[in-house]
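Structure at a glance
If you want the building blocks of each chain, they are given just below.
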Amino acid sequence: MAIHFELNGTRQEVEPREGESLLSLLRDRLGLSSPKNGCEPQGQCGCCLALIDGQPKTTCTIPAQRADGKAIVTLEGVPEEERRLLARSFVAAAGLQCGFCIPGIVLRTHHLLAQSPDPSREEIAKALDVHLCRCTGYLKLFEAVELAARALRGEVDPQPLAAGGVGEAVARHQGEALALGERPYVDDLRREGMLFGAVHLSAHARATVRAIDTRAAEAMEGVVRVATAADVPGERFHGLLHQDWPGFVAVGETTRCVGDVLAVVAARDPQTARRAAAAIAVDYEVHPPVVDVHEAMRPDAPRVNDRHPGNLLSISKIVLGDAEAALRGSAHRVEGTWRTQRIEHAFLEPEAAFAEPREDGTLYLATQGQGIFDDRRQVAAFLGVPEAEVFVELFPNGGAFGGKEDLSIQPQTALLARLTGRPVKLTLTREQSIRMHPKRHPIELRYEAGCDAEGRLTAVRARLIGDTGAYASVGEKVLRRAAGHACGPYRVPTLDVEAAAVMTNNPPCGAMRGFGVNQASFAMEGVLDALAEAAGLDPFELRRRNVVEVGDTLTSGQRLEKSVGIGECLERLRPAYEAARAAGKAVGVACGIKNSGIGNGAVEHGRTRLRVEADGTVALYNGFTEMGQGLSTLLQQFAAEVTGLPSSRFVPRTDTSFELGCGQTTGSRGTLLSGRAVIAAAEQLRDDLAAGATLESLAGKTYRGEIEITDTHPLGKKVERPKTHTTYGFAAQLVILDAEGRLEKVVAAHDVGRVVNPDLCVGQIQGAVHMGLGHALSEELPCVDGMPIATRLREIGVLRARDMPEVEVHLVEAHEPEGPFGAKGVGEIGLVPTAGAVAAALFAFDGVRRRTLPMKDSPAGRAITVGRIRARIPREEWR
């Protein structure tokens, strides 16, 4: 039966489909792009907001039939002048990063300011509480709403800086289009005759698949094709480092986790596709899963993944001197075990892929992955075709934080397109996304450490065991990075460090912002606080005595020869530290270090092409992924700084038109490597312009920029001067609690090498602190028998706007000679010290040493409004 409603002032008549939400009707049937699907049907992210009879509602929770007789307004229906003013306000305030959540927040701002033209911070935070933002930490959003309010009152005219060079607060590339929902993400793509895909995931973490019955799905009206492992023409297994992850689990094989794909469906609409996927019947022989790392390491433990010889994926060791003797000779000695939790990335845009056969027999693939050339390589192998037959284009994603490095549903989508000969789009539900992609590693960290009578560190012995889940992903690299950063930014003359990555039937773990370093930092900062207490020293002073300087050696054995700003970072905190203590407030301090560049002996590349176009713009091709960190904008600024042209003249693109493969966008290396490559290409363009050429005369010419790094060494390699990484970022953070033990303020001082774009840099750090506070107090993804028991976003525990304290950022510039104009990347370091600083502040408040994350039992943790998991299963059974 047809329904009638008004949409943005136009009368609509539509017949809803079975199971169709209002969000799906607006997006898939009526072609609107500002409402985004972040969590349907949870209604907990706010991305799908619309005004219904004047009231803001999340449309993913509303059946389409209930729109009958309603007046609906989306962001597209706000008056154009106000839309543009709101968008400019968000861009001018740097109030957006990946942008996926922002159209919903802009519409909320429109509604709020209509009710309250001059809202307080408390009113803004309350209004935004239904909205989840994983990138910004909300503080820039508050500023954006305040700026929009002033603009609507006629007090200011927000004018973002359209172009500029290094050091200027240039507006984010495509910022206004992002704010209004006009720049497409993969799930916004539409084609005539397009099919919709859906997956059927394993119901069990470890079970032998005896049969897969697809007949009921195939018989459904609207279903075009069902595919299983039997339909894969090429290499069914893929992986970044090990080909151990199947695109489909085949009949006769044993599943390894609840994110395993058994079948996919292509149908005429998403509702039919998902009903058909659910109708697929699987006959299992269920086995007890291996979910405990200690049990997994037993000789008689079942093997989790038969593509590996055992459950111990890797072990990383660092030994320097006799740690036992040094510990015995220390004036003060402490020991303890720290534990960190599994964490969901909670990027706002669920995984999506789009594939379309071309008339010439090749395949077009739109991906949101963190490395399009790795995506091309693995998808081509899956299809059994040469890489040249797959053209891949990046659609900058709605957040990733490491969680989109591994393939998700790109190969299955590509296969459906090949089998049907039609365009196919496949988007995961939030629950499927949580089950499928790798998480942050839960790590058990056993530390022993000593210091002399003056508080100078003498030795550290550490044993780290990480649950890397069912597939290798980059788990061995994460534990290797944790080992290499096990002692943080401190001088430790004697070391005995060992870090193991252990496979289980839990969800796979891989890259996530911080890459194992924040887990190690939590333990090491706890060690420093315990030693300070034992030695009777102020925790701040103990750190000041031990932080590294130029000439000192890190845990990995690398001697620092340049760009070490940790001492200055600490000094930037001193006034706030002393003032808080004098006021009787509980305060905690912690320091952090994080590599830029993969290092550890890897050959790394930065590659770019600048192609002058006929319209006078310059296409800026780059192999790394823009995922909200601002890489595209920074590359424009580098090119502008070199050539003298406006940065807006350079148009970023990421696709496989040129061979620019440089691996995954990880390790805080996008700015470091692509920045240098852009400079190399831009210098050639500058020389041509200086010789008298014009852009018009250079149309069609391409400039090549490539750099290669070959001078790092594997961890533990016996060389005279080991260099494990190109450079390092440093940070010191201060957490201040109020009289009730709740978060009041964070002061963060960060050595970023060179500030390329101050607004984007501060926003990155505030967003990372937000993630670090969640790591400390509220976020976790526990599993029982390998199945996550929390898939609702509020239960997962990402902090909301009302939970976020003030974050004061200090930018320290310790010039990095190997970085572009001295810069060295800031994407990960922002959350490395946060949990340690929170734990220290809590100890100052109530005298309790907390060594397990998240610290939900603390006063600060109890004050957080999210993270309350409703589960009947006792916590002691969680893994």
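Our subject is the structure that appears above.
For the structure given in this document, a descriptive report is provided here. (Residues numbered from 1 in each chain as written. Predicted model: local features only at pLDDT ≥ 70, side-chain atom pairs only at ≥ 80, totals over all residues. Heavy atoms only, no water.)

Once that is clear, we can look at the overall build of the chain. Scanning the chain for helices and strands turns up 23 helices and 31 strands. Overall, the chain is about 80 × 70 × 60 Å in size when its C-alpha atoms are taken along their principal axes. The buried share of the chain, reckoned over its 879 residues, is 66%. Long-range pairs, those at least 24 residues apart, make up 79% of the contacts in the chain between residues at least 6 apart in sequence. Only carbon and sulfur atoms are counted for the fraction: they give 46% of the accessible area of the chain, which is about 28,800 Å². For the chain, the separation between the mean place of its 101 positive charges and that of its 113 negative charges on side chains is 2 Å. (Helix = DSSP H or I, 4+ residues; strand = E, 2+ residues; numbered from the N terminus. Buried < 20%, exposed > 50% of the residue type's maximum accessible area, 1.4 Å probe, protein only. Contact = heavy atoms within 4.5 Å. Areas by Shrake-Rupley, 256 points an atom, 1.4 Å probe, with all protein chains shown as cover. Lys, Arg positive; Asp, Glu negative; His and termini not counted. Charge placed at Lys NZ, Arg CZ, Asp CG, Glu CD.)

By way of backbone hydrogen bonds, the strands of a sheet pair with one another, either parallel or antiparallel. Strands sit in the order β13-β21-β20-β19-β14 across an open sheet of 5 strands; the sheet is mixed. Only two strands of the sheet have a single neighbouring strand rather than two, namely β13 (312-320) and β14 (332-339). Between one strand axis and the next, the sheet turns through 5° on average, direction left out of account. Pairing of strand β20 (residues 457-469) with strand β21 (residues 494-503), which is carried by 10 bridges, proceeds in the parallel orientation. Across the sheet, the residue bridging to Gly469 is Met503, located in β21. (Pairing = 2+ DSSP bridges. Axes fitted to C-alpha atoms, helices over the stretch in contact; angles between N-to-C directions.)

All right, on to the packing of aromatic side chains then. In the structure shown here, the tally under the stated rule is 9 aromatic pairs. Summarising the aromatic geometry, the rings of Trp338 and Tyr447 are spaced 6.3 Å apart at their centres and angled 80° between planes, so their arrangement reads as edge-to-face. Residue Trp338 is found in strand β14, and its partner Tyr447 is found in strand β19 (residues 443-451); the two are separated by 109 residues along the sequence. Here Trp338 and Tyr447 have matching classes, each one buried. Between Tyr364 and Phe391, the aromatic rings sit 6.3 Å apart at their centres with planes inclined by 20°, giving stacked as the arrangement. Of the two residues, Tyr364 sits in strand β16 (residues 363-367) while Phe391 sits in strand β17 (residues 390-394), which places them 27 residues apart along the sequence. Grouping residues by exposure puts Tyr364 and Phe391 together as buried. Here the aromatic cluster, defined as three or more aromatic residues joined through ring pairs, consists of Phe354, Tyr364 and Phe391. A cation over an aromatic ring shows up here: Arg183 above the ring of Tyr185, its NZ or CZ 4.4 Å from the ring centre. (Phe/Tyr/Trp six-rings, centres within 6.5 Å; stacked < 30°, edge-to-face > 60°. Lys NZ or Arg CZ within 6 Å of the ring centre and 35° of its normal.)

Another aspect to go through is the layout of surface pockets. Of the voids in this model, the largest pocket is the one considered here, and its volume is about 610 Å³. The wall of the largest pocket is formed by 22 residues, among which Arg339, Thr340, Pro442, Trp878 and Arg879 lie closest to the centre. Of all elements in the fold, only α9 (293-296), β19 and β20 reach the threshold of two or more residues within the lining of the largest pocket. (1 Å grid on protein atoms, 1.4 Å probe; cavity = no way out; pocket = protein on both sides within 12 Å on 5 of 7 lines; lining within 4 Å. Points joined across faces, edges and corners; volume = space filled by probe spheres on them.)

What follows concerns empty space enclosed by the protein. Counted under the stated rule, the structure contains 8 cavities of 30 Å³ or more. Of the voids in this model, the largest cavity is the one considered here, and its volume is about 560 Å³. Lining the largest cavity are 37 residues, and of these Gln629, Gln764, Val826, Gly827 and Glu828 sit closest to its centre. Sorting the residues of the lining of the largest cavity by element identifies α18 (631-643), α19 (670-690) and α20 (758-777) as the ones contributing at least two each. No other element matches α20, which puts 3 residues into the lining of the largest cavity.

Here we come to the packing of helix α3 (residues 102-115) against helix α5 (residues 139-152). Across the interface, α3 lies against α5 with an axial gap of 11 Å and an inter-helix angle of 45°. Considering the angle they form, α3 stands oblique to α5. In this structure, α3 crosses over α5, and the sense of that crossing is right-handed. Contacts between α3 and α5 pair Ile102, Ile105, Thr109, Leu112 and Leu113 from the former with Leu141, Val145, Ala148, Ala149 and Leu152 from the latter. Class assignment for the residues of the contact of α3 with α5 results in 9 nonpolar, 1 polar and no charged. (Parallel < 35°, antiparallel > 145°, perpendicular 65-115°, else oblique. Left-handed = near helix turned anticlockwise from the far one by under 90°. Nonpolar A, V, L, I, M, F, W, Y, C, P; charged D, E, K, R; others polar.)

All right, on to the side chain of Arg172 then. Take Arg172: it is sitting in the loop between α5 and α6 (175-179). Arg172 sits in the buried class, given a relative accessible area of 8%. Beyond its immediate stretch of four places on either side in the chain, Arg172 contacts Val91, Leu96, Gln97, Leu178, Glu626, Gly628, Gln629, Gly630, Thr633 and Leu760.

Now for the nonpolar core. Core analysis: the largest hydrophobic core is formed by 171 residues, its most contacted members being Ile102, Tyr447, Val460, Met524, Ile566 and Leu777. With 10 residues, the single largest contributor to this core is helix α15 (residues 517-535). If near-sequence neighbours (up to four positions away) are discounted, Met524 is found in contact with Tyr447, Leu457, Val460, Ala486, Cys487, Gly488 and Tyr490. The next biggest cluster of nonpolar side chains, apart from the first, holds 39 residues, and it includes Ala227, Leu383, Leu394 and Ala417. (Core = buried A, V, L, I, M, F, W, Y, C linked by side-chain atoms within 4.5 Å.)

Another aspect to go through is the packing of helix α4 (residues 121-128) against α5. Axis separation between α4 and α5 bottoms out at 10 Å; the angle between their running directions is 115°. Taken together, the axis directions place α4 and α5 in an arrangement best described as roughly perpendicular. For α4 against α5, the interelement crossing comes out right-handed. Taking contact as the criterion, the partners of Arg121, Ile124, Ala125 and Leu128 in α4 are, on α5, Leu141, Phe142, Glu143, Val145 and Glu146. Broken down by class, the residue content of the contact of α4 with α5 amounts to 6 nonpolar, no polar and 3 charged.

Glancing now at the sheet that holds strand β24 (residues 618-622). With respect to topology, 4 strands assemble into an open sheet ordered β25-β24-β23-β26, the strand pairing being mixed. Only two strands of the sheet have a single partner each, and these edge strands are β25 (650-653) and β26 (702-709). In this sheet, neighbouring strand axes are inclined to one another by 20° on average, regardless of whether the strands run parallel or antiparallel. Across 5 bridges, the pairing between strand β23 (residues 604-612) and β24 is antiparallel.

Bringing helix α22 (residues 834-846) into the picture now. The end-to-end C-alpha distance of α22, which contains 13 residues, comes to 19 Å, matching closely the 18 Å that a straight helix rising 1.5 Å per residue would cover. Turning to α22, its buried residues number three or more, namely Thr834, Ala835, Gly836, Ala837, Val838, Ala839, Ala840, Ala841 and Leu842. The inward-facing, buried residues of α22 abut α15, β22 (587-596), β27 (727-737), α20 and α23 (859-863). The positive-phi residue at the C-terminal boundary of α22 is Gly847, with phi of around 75°. (Expected span 1.5 Å × (residues − 1).)

Cis geometry marks the peptide bond from Glu40 to Pro41, where omega comes out at 5°. Turning to its location among the elements, Pro41 is positioned in the loop between α1 (22-29) and β3 (49-52). In the segment running from Leu853 into Pro854, the intervening peptide bond is cis, with an omega of -5°. Tracing the sequence through the fold places Pro854 in the loop between α22 and α23. Although it is not a glycine, Ser563 adopts a positive phi angle of roughly 50°. Along the chain, Ser563 turns up in the loop between α16 (539-546) and α17 (566-582).

Moving on, we come to the environment of Phe843. In this structure, Phe843 sits in helix α22. For the pair Phe843 and Ser858, spaced 15 residues apart in the sequence, the C-alpha separation amounts to 9.8 Å.

Let us look at α18. Between its first and last C-alpha atoms α18 spans 18 Å; for 13 residues at 1.5 Å apiece the expected length is 18 Å, and the two agree. Listing the buried residues of α18 in full gives Leu631, Ser632, Thr633, Leu634, Leu635, Gln636, Gln637, Phe638, Ala639, Ala640, Val642 and Thr643. Two residues or fewer past α18, Gly644 is found with a positive phi of approximately 80°.

Mapped onto the elements of the fold, Thr58 is located in strand β4 (residues 55-58). Once residues within four sequence positions are removed from consideration, Thr58 is found in contact with Gly43, Gly46, Cys48, Leu49 and Val130.

Take the pattern of salt bridges next. In the structure shown here, the tally under the stated rule is 83 salt bridges. The salt bridge involving Asp688 is made with Lys701; its shortest N-O contact spans 2.8 Å. With Asp688 in helix α19 and Lys701 in the loop between α19 and β26, this residue pair connects regions lying 13 residues apart in the sequence. Residues joined in a network through salt bridges with shared partners are Arg27, Lys36, Asp187, Asp188 and Lys425. (Salt bridge = Lys/Arg side-chain N within 4 Å of Asp/Glu carboxyl O.)

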